[in-house]
Amino acid sequence: MLELLQYGFMQRALMAGIIIGILCPLIGIFLVLRRMSLIGDSLSHVALSGVAAGIVSGVYPLAMALVFSVLAALGIEQLRKKYEEYAELAIAIILSAGIGIAVVLISYAKSINVDLFGYLFGNILTVRSSDMRLITGLGILIIMFVKLLYKELFYIAFDEEGARIAGIPVKRINLFFIVIIAMTITLSMRIVGVLLVSSLMVIPVAASLQVAKSFKQAALLSVVIAELSVVSGIIISYYMELASGGTIVLLSVIILLLVIGFKGVMQKT
Amino acid sequence: MKKLVSVKDVCFGYENELVLKNVNLDIYEGDYLGIVGPNGSGKSTLIKIMLNILKPSKGSIEMFGKNIDDFRDWGKIGYVRQKATSFNTGFPATVEEIVAANLFSRIGIFKPITRSHREMVYKALEIVEMEKFNRKLIGNLSGGQQQKVFIARALVNSPEILFLDEPTVGIDLDSQREFYGLMEKLNKEMHITIAMVSHDIGVITEKVNRFACMGDSRLICHTNNSHLEITDILKEVYGDKMNLLIHRH
């Protein structure tokens with residue numbers, strides 16, 4: 001185990017993993033409770049097109065993905081206003097646009113396929129020092145944002161209309177929040193991969209909702225479950241030479257099944 | 001008497017259909033106002049316009065003497081919305097967390113909840129006799145208990161006026177009886193002004209001291225509660241077959 005920490009790439013992967021293990025469920029709990037779980041999938045596909053654009057144009061891919069996903073997040077907010085009765089339509093439109101752009105760019109420059117594989121499924125070997133700086137800097141900023149606006153985000157998730165009448169600046173907070181979601185997805189891509197990033201936002205939360213006795217407990221428990229999955233997933237994927245994203249998500253699914261099973265047994269006794 | 005809310009010449013429509021036509025309504029300090037009317041008569045829309053959730057196409061609203069767009073003192077207002085109890089029952093929030101939510105605007109962004117805020121939550125729960133349930137998950141309570149929690153949430157800021165939109169829908173008879181008892185206590189003992197939309201015409205005419213009836217997108221009447229006058233007005237709105245049965249909760 002200690003031998004593992006001697007490698008720079010493992011130190012970076014674990015450090016980045018610990019940060020996204022806090023970020024994903026912390027944002028995910030608000031998404032799940034607002035029934036916006038699919039937004040993660042939508043923005044991650046747009047982020048992929050940003051990565052492709054970055055590789056094609058020679059710009060730092062993660063920065064490009066960040067720009068693309070933040071713009072897409074703002075686009076979802078605008079579209080949600082146009083289709084108030086069909087909120088999920090905005091998510092579907094942006095998801096389709098994201099896949100479309102990514103496919104066109106990938107077919108335009110076939111040589112980028114190898115680079116994209118790591119972004120699609122997550123690869124701990126590919127976390128560079130520049131990625132690490134971005135993940136740490138923005139990650140800490142997002143965690144602070146959620147901590148400071150925790151109570152307002154809670155109220156909006158429970159009852160948006162009530163929050164507005166209580167004098168909470170719902171529109172502004174929603175706008176900030178959607179940008180934060182886009183940032184979280186981009187930062188998590190390196191470790192979990194585009195295709196699985198929304199799973200890390202949803203599955204630990206799903207497990208914590210089974211047993212939590214308060215909102216605070218649900219938030220903390222989902223972070224604990226995510227950390228357990230991420231750290232053990234990175235270690236297992238290193239030793240077994242597996243894609244880190246899939247390993248992490250499978251571990252979180254196993255934890256979810258164990259929690260459901262445990263709850264079932266407790267209810268019977 | 002101090003005027004708390006003033007609705008002036010308000011019109012509102014959804015697409016091509018006009019829901020409110022030139023509605024004028026004043027709510028005074030101490031009022032226990034019941035707003036009744038058939039489905040689609042614009043009762044809930046009127047409440048939402050008063051609370052600035054919807055914008056009128058014409059006319060204006062004054063809240064505590066200020067134009068609603070300039071009004072910032074939302075702590076003076078409590079609101080229990082329609083189908084308040086039809087929230088996501090799987091939401092992992094305790095009674096205490098739900099009631100404290102209405103204090104967030106007063107506490108301010110980036111500031112934590114303190115002990116004095118927790119005491120305010122406890123007091124609000126005491127008023128509705130739910131203080132023993134403070135650690136329970138909201139989804140595990142009965143409909144009547146949940147309704148009380150939402151009233152406590154509306155009361156936690158010690159509001160001067162409480163708006164309720166069809167608060168007894170989906171609540172059993174015992175809980176309804178308790179609810180109307182609580183409303184009387186809030187109005188008479190705690191001097192909170194109440195404006196309540198309801199379909200329960202019999203109870204409303206029995207309990208309230210002011211009465212407003214909506215019909216055909218208009219405010220048909222706004223009067224002090226007088227059974228004889230109200231019966232005639234309700235017959236005009238609901239038709240001649242309507243018989244008003246006053247039943248006491």
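Only a predicted model underlies this, so the values are computations on that prediction, with no experimental measurement involved.

What counts and how
Residues numbered from 1 in each chain as written. Chains lettered and ligands numbered in written order. Predicted model: local features only at pLDDT ≥ 70, side-chain atom pairs only at ≥ 80, totals over all residues. Heavy atoms only, no water. Helix = DSSP H or I, 4+ residues; strand = E, 2+ residues; numbered from the N terminus. Buried < 20%, exposed > 50% of the residue type's maximum accessible area, 1.4 Å probe, protein only. Contact = heavy atoms within 4.5 Å. Rg over C-alpha atoms; globule rule 2.2 N^0.38 Å. Core = buried A, V, L, I, M, F, W, Y, C linked by side-chain atoms within 4.5 Å. pLDDT = per-residue confidence, 0-100. Patch = residues over 30% accessible without salt bridge, like charges linked within 9 Å, V, L, I, M, F, W, Y side chains within 5 Å. Areas by Shrake-Rupley, 256 points an atom, 1.4 Å probe, with all protein chains shown as cover. Salt bridge = Lys/Arg side-chain N within 4 Å of Asp/Glu carboxyl O. Pairing = 2+ DSSP bridges. Expected span 1.5 Å × (residues − 1). Axes fitted to C-alpha atoms, helices over the stretch in contact; angles between N-to-C directions. Parallel < 35°, antiparallel > 145°, perpendicular 65-115°, else oblique. Left-handed = near helix turned anticlockwise from the far one by under 90°. Buried area = accessible area lost by both parts, 1.4 Å probe. Phe/Tyr/Trp six-rings, centres within 6.5 Å; stacked < 30°, edge-to-face > 60°. Lys NZ or Arg CZ within 6 Å of the ring centre and 35° of its normal. Lys, Arg positive; Asp, Glu negative; His and termini not counted. Polar contact = N/O pair within 3.5 Å; in protein donor to acceptor, adjacent residues only side chain to side chain.

1. Some thoughts on the overall build of chain B
Check the secondary structure of chain B and you find 8 helices and 10 strands. Within chain B, the fraction of its 249 residues that count as buried is 53%. A fraction of 67% describes how many contacts in chain B between residues 6 or more apart in sequence connect residues 24 or more apart.

2. Considering the overall build of chain A
Across its full length, chain A holds 12 helices and 0 strands. Traced from its N-terminal end to its C-terminal end, chain A shows the element sequence α-α-α-α-α-α-α-α-α-α-α-α. A globule of 269 residues ought to have a C-alpha radius of gyration of about 18 Å, and chain A, at 18 Å, matches this closely. Taken along its principal axes, the extent of the C-alpha atoms in chain A is 50 × 50 × 30 Å.

3. Points about the nonpolar core
Ranked by internal contacts, the top residues of the largest apolar core, which has 126 residues, are I181 of chain A together with M183 and L186 of chain B. At 16 residues, helix α1 (residues 8–33) of chain A tops the list of elements feeding residues into this core. Counting residues in each nonpolar core, the second largest holds 35 residues, with L46, W74, I77 and L219 of chain B among its members.

4. Quick word on the confidence of the model for chain B
As a general rule, the predicted coordinates of low-pLDDT regions are not to be interpreted in detail. All names here are of chain B. Residue-level pLDDT values for chain B average 84, and 87% of them are 70 or greater. For residues 244–249, every residue scores under 50 in pLDDT, and the model assigns this stretch 22 contacts once sequence neighbours within four places are set aside. Scored as a complex, the prediction yields pTM 0.83 and ipTM 0.78.

5. Structural notes on a nonpolar patch on the surface
A surface patch of nonpolar side chains, about 450 Å² in accessible area, is lined by I140, M144 and L148 of chain A together with I109 and F110 of chain B. Take I109 of chain B: it is sitting in the loop between α3 (104–107) and α4 (115–127).

6. Thoughts on the pairing of strand β1 (residues 3–14) of chain B
Residues and elements named next belong to chain B. Both β1 and strand β2 (residues 17–28) contribute to a ladder of 8 bridges, which runs antiparallel. For G13, the partnering residue across the bridge sits in β2 and is L18. The antiparallel pairing of β1 with β2 creates a hairpin that spans 2 residues between the two strands, and E15 there sits at a positive phi of about 50°. In terms of strand pairing, β1 meets strand β4 (residues 58–63) through 5 bridges, oriented antiparallel. Of the residues in β4, the one forming a bridge with V5 is M63.

7. Comments concerning helix α6 (residues 129–148) of chain A
Under the 1.5 Å per step criterion, the end-to-end length of α6 of chain A is 29 Å for 20 residues, consistent within 8% with the ideal 28 Å. Where α6 of chain A is buried, its residues touch α1, α3 (61–82), α7 (150–158) and α9 (170–192) of chain A.

8. Notes on the packing of helix α5 (residues 143–155) of chain B against helix α6 (residues 173–189) of chain B
Residues and elements named next belong to chain B. At their nearest, the axes of α5 and α6 sit 10 Å apart, and the two run at 15° to each other. By the angle between their axes, α5 is roughly parallel relative to α6. The chirality of how α5 crosses α6 is right-handed. The segment α5 lies against α6, with G144, K148, I151 and L155 engaging S175, E178, F179, L182, M183 and L186.

9. A word on the sheet that holds β4 of chain B
In spatial order, the strands read β2-β1-β4-β5 (chain B); together these 4 strands make up an open sheet with antiparallel pairing. Edge positions in the sheet fall to β2 and β5 (66–67) of chain B, since each has one partner strand and no second.

10. Here's the deal with the interface of chain B and chain A
Contacts between the two partners involve 29 residues from chain B, matched on the other side by 27 residues from chain A. When chain B packs against chain A, close to 2,400 Å² is buried across both sides, 67% of that on carbon and sulfur atoms. Looking only at chain B, the three residues that lose the most surface to chain A are F91, P92 and F104 of chain B, adding up to 25% of its buried area. Across the chain B-chain A interface, the total number found is 2 salt bridges.

11. Focus on the environment of A124 of chain B
Of note, A124 of chain B is situated in helix α4. With near-sequence residues (within four places) excluded, A124 of chain B lies in contact with V99, A152, L155 and V156 of chain B.

12. With respect to the packing of aromatic side chains
Taken as a whole and assessed by the stated rule, the structure comprises 18 aromatic pairs over all chains. For the ring pair F154 of chain A and F91 of chain B, a centre distance of 5.8 Å and an interplane angle of 65° mean the geometry is edge-to-face. Of this pair, F154 of chain A sits in helix α7 while F91 of chain B sits in the loop between β6 (77–80) and α2 (95–100), which puts the two residues in different chains. Accessibility classification places F154 of chain A together with F91 of chain B in one group, the buried group. Aromatic side chains F71 of chain B and W74 of chain B sit 5.2 Å apart centroid to centroid with 80° between the ring planes, which places their arrangement in the edge-to-face category. Of note, K151 of chain A hangs over the ring of F104 of chain B, and the distance from its end group to the ring centre comes to 5.9 Å. In this structure, K76 of chain B packs its charged tip against the face of F64 of chain B, placed 4.7 Å from the ring centre.

13. A few points about the pattern of salt bridges
Considering all chains together, one arrives at 16 salt bridges over all chains under this definition. The residue R153 of chain B makes a salt bridge to D159 of chain A at a minimum N-O spacing of 2.8 Å. Of this pair, R153 of chain B sits in helix α5 while D159 of chain A sits in the loop between α7 and α8 (160–165), each in a different chain. A salt bridge links D31 of chain B to R210 of chain B; the shortest N-O distance between them is 3.3 Å. Here D31 of chain B is found in the loop between β2 and β3 (32–36), whereas its partner R210 of chain B is found in strand β9 (residues 210–215), with 179 residues between them in sequence.

14. Looking at the side chain of E97 of chain B
Structurally, the position occupied by E97 of chain B is in helix α2. It is K216 of chain A that comes nearest to the buried, bridge-free E97 of chain B among opposite-charge side chains, at 6.4 Å. A polar atom in the side chain of E97 of chain B sits 2.9 Å from the backbone nitrogen of F215 of chain A. Those residues in contact with E97 of chain B that sit more than four places away from it in its chain are Y150, F154, S214, F215 and K216 of chain A together with P92 of chain B.

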